[in-house]
Amino acid sequence: MRRRDARVGVLFALPWILGFLIFMAYPLISSFLASFTNFSILRSPKYIGLSNYKELLHDEVFYKSLSNTLLYVLGAVPLTTVVAILLALLLNTKVKGMALYRTLFFLPTLVPMVAMGTLFSWVFNGDYGLLKPAFMKLHVPPPGWLTDPGMAKWTLILISMWGCGQAMVIYLAGLQDVPVSLYEAAELDGAKSWAKTRHVTIPMISPVILFNVVMGIIGSLQVFAVPYVLFQGGGPARSAYFYTSYLYDNAFQYQRMGFASAMGWVLFLITLALTLIALKLSERHVHYESN
Amino acid sequence: MTAREVLGLSAVACVMIAAAVAGDRAVARQARTDRITVVYWEKWTGDEAKEMRKVVDAFNKSQDKIFVQYLSISGVDTKTMLATAGGNPPDVAGIWQEQVAQFADSKALSDLTAMANDAGLSRDYYIKGYYDPLFYHNKLWGLPSTPASIGLHVRPDLVPANVGTPETFPKTLDAFDALVAKISTKDANGDLKMAGFLPSDPGWWNFAWGMYFGGKLMEGDKLTIDSPENIRAYKWIEKYAKMFGPKEIQSFQSGFGNFASPQDPFMLGKVATEINGTWKGSYIRVYRPGMKWFAVPFPYPDDRPDLAGHACLSQDILTIPRGAKHPKEAFEFIRYVQRQDVMEGLCKGHGKNSPLAKVSEDFFETHQNKFIRLFDQLARSPKAFSAPQIGVTSQLRAEIDVAFTEVSTGLKSPDQALHDAQDRVSGLWATYKNQVLDQ
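Residues numbered from 1 in each chain as written. Chains lettered and ligands numbered in written order. Predicted model: local features only at pLDDT ≥ 70, side-chain atom pairs only at ≥ 80, totals over all residues.

1. Brief notes about the interface of chain B and chain A
On the side of chain A, 27 residues touch chain B, which itself brings 27 residues to the contact. For the side of chain B that touches chain A, the secondary structure elements donating two or more residues are helix H1 (3–28), helix H3 (76–85), helix H9 (246–253) and helix H16 (393–408) of chain B. A total of 7 residues in the side of chain B that touches chain A trace back to one element, the largest contributor, which is H16(B). Of the residues assigned to the side of chain B that touches chain A, the class counts are 8 nonpolar, 14 polar and 5 charged. (Contact = placed C-beta atoms within 7 Å. Helix = DSSP H or I, 4+ residues; strand = E, 2+ residues; numbered from the N terminus. Nonpolar A, V, L, I, M, F, W, Y, C, P; charged D, E, K, R; others polar.)

Written out as structure tokens, the structure is:
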């Protein structure tokens, strides 16, 4: 009976297993093997040992794209986290028409990335941009959002807030799980709203914050579509040239699939390391109810 | 095994067989059963695609053995490369001239030399500047679809009347620079209102600036990005950045709209002159009909009169990817496009000059671009030049673009920016030679 059940179970899981083996496991293993080869798509891969990894160590564009990406992660993750939590707190209040507000704040996340890139190219347009009149009223020259090498990354970090609706929904779900009894107890102790937020809400949703931060780090390390649309060629002086853009260029523009595979595996290791660091740092600050 | 499991497994097997059969049909891409289908992937959309479709339709009507299936494909170069690697490429792929070396080195293209010679499509049939870049390592890898030459476009209403004609417009760079300084205007806040000329507009041919000063990017096998002529060109670019101010240029240029729209800075009068290709006239006709403009060769340095009439050339080309199912039939179509009447019709439709050595008077007379004779002359100029034939052209252009931005934003001196580009591309070129060319 058990063996028969197992067979039926495997049969039902077969489509997923096949999909995983063909579309995930095989590319993963082959990209790992390709990272040790000189592979240009049309030529047979030739084993070159660690040459691709050694080349990465001496590649200034690799460092430039990596530092751009890490700066983006450092800027975008905290910013979207704070904004998403604030929005979630705001949308957790009992106000008439709250469902509508929640929908409105979530809607931007449904905009496709390429459309979003095009949209923001107009928002930050130096001449017709939506932001220009505000700066002009203040008699402050608007920054070169898209053209100044010192500004391009910050523009993208600002744009990253556009997608915080997704995290906001998760925070909102977390907030609604916080037991009311804890707030009542805090009130009995004389806690005001800030104290309740600091000592009850934040600790209680800290696992959700950790989840969103880790997902944010992983997502931000893979930022691609919006900078690719906004900054063809990596922006002024490669100031908005991100890791995945360089990886893409190597794979598909320069046909250096082996080198790009090595980059992919280095990114995986960086992602893993940052995730582990985040988990380690969270040990003291994340509160689990089971604790 | 129970009957239910057997039924389930049979259903899965049926689905997989159906998928395999349907998939095989899908990749076969046979559009017609009565003719051989030649699949043609091309980069163009909009009006340019329509013009090529007319050619395809005419070819399909002209005979009853081959049917060309024309498909507009975004990222045609990457997709062609991947489809070739996957063993199912199109029969004809429309890529760019600059990609010939990279595609040929990757063994992604079929050698057209014999077929072209048999069809009488030899070097003499074409303008040299268009044929030679397609000949790489003693083999012909593609033939032109539509070419272009690059000239300086001028708005006579934005320059003084005494230089407002092609004949009176400055021929040398010193006079041109003086004119730009004179006509450029700023508003009360110090913001640029109108620039006489901006080297960064549209910014598509940064690799070519050195060549306008007599430089080269390669001498034989060696890269010469930081040659004295190239550094001189980039000092000239730096001069423009200083004249207007890097921040002012950035701010001014961030308001420029797309070239294929009414927000184009030249059409809006934000720049009085602009370096651009033969096609510019077509866009003006569509988005700003009636606007007055003329074209001249880009000015030459005062101490290099031998460079008069120089021009950068580029072209779209037709190739047959390696492993194409019907190479002979594909070449039949390419040969048809090379016919003088067909080529002239297509180039006229695209607003471009012809790549052929022989051009009919009717082509010039009826062409929508009234300066088409100039663009034809520029293409035939012995001083005409193209991007170098090298497998790392994409990287080379990317590095020069970075150097250009670094110089025009004041981040690096011309010497430093070009030395850095030289170092980086040399490293990439050495790796390429080692890994791809097995040298």
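2. A look at the domain arrangement of chain B
Residues and elements named next belong to chain B. Under the domain assignment, chain B is made up of domain 1 (31–148 + 313–385) and domain 2 (152–312 + 389–435). The C-alpha centroid of domain 2 is placed 28 Å from the C-alpha centroid of domain 1. With 24 residues of domain 1 in contact, the opposing surface of domain 2 contributes 19 residues. Mapped by element, the contributors of at least two residues to the side of domain 1 that touches domain 2 are helix H4 (100–105), strand E13 (311–319), helix H15 (372–380) and strand E14 (384–385). Considering every element that reaches the side of domain 1 that touches domain 2, the biggest residue donor is H4, with 4 residues. (Domains from an automatic or database assignment.)

3. Some thoughts on the packing of helix H3 (residues 60–91) of chain A against helix H13 (residues 243–253) of chain A
Residues and elements named next belong to chain A. One way to put it is that H3 packs onto H13 with a least axis distance of 7 Å and a crossing angle of 145 degrees. Side by side, H3 and H13 meet where Val61, Phe62, Ser65, Leu66 and Thr69 of the first sit next to Tyr243, Ser245 and Tyr246 of the second. Within the contact of H3 with H13, the residues separate by chemical class into 5 nonpolar, 3 polar and no charged. (Axes fitted to C-alpha atoms, helices over the stretch in contact; angles between N-to-C directions.)

4. Side note on the pairing of strand E1 (residues 36–42) of chain B
Residue and element names in this part refer to chain B. Across the 7 residues that make up E1, a large majority, 5, are buried. For E1 and strand E2 (residues 66–72), the ladder comprises 7 bridges, and the chain directions are parallel. By the bridge assignment for E2, Ile36 is matched with Ile66. This β-α-β element, E1 to helix H2 (residues 46–62) to E2, shows right-handed connectivity. One ladder, built from 2 bridges, connects E1 with strand E3 (residues 92–96); its direction is parallel. Bridge pairing in E3 places Tyr40 opposite Val92. (Buried ≥ 20, exposed ≤ 12 C-beta atoms within 10 Å, placed from the backbone. Pairing = 2+ DSSP bridges. Right-handed = clockwise from strand over helix to strand, strands pointing away.)

5. Brief notes about unusual backbone geometry
Residue and element names in this part refer to chain B. Cis geometry is adopted by the peptide bond preceding Pro202, which originates at Asp201 and carries an omega value of 0 degrees. One can find Pro202 in the loop between strand E8 (192–194) and strand E9 (218–219). Although it is not a glycine, Asn138 sits at a positive phi angle of roughly 65 degrees. Summarising the element assignment, Asn138 is placed in the loop between strand E4 (135–136) and strand E5 (139–140). Owing to 7 C-beta atoms within 10 Å, Asn138 belongs among the exposed residues under this scheme.

6. A look at helix H7 (residues 173–183) of chain B
Residue and element names in this part refer to chain B. By the burial criterion, the buried members of H7 are Leu173, Phe176, Leu179 and Val180. Buried positions in H7, seen along its axis, are confined to an arc of 120 degrees and lie on one side of it. Looking at H7, the residues exposed on the side facing more than 90 degrees away from the buried face are Asp174 and Lys182. (Arc of directions from axis to C-beta.)

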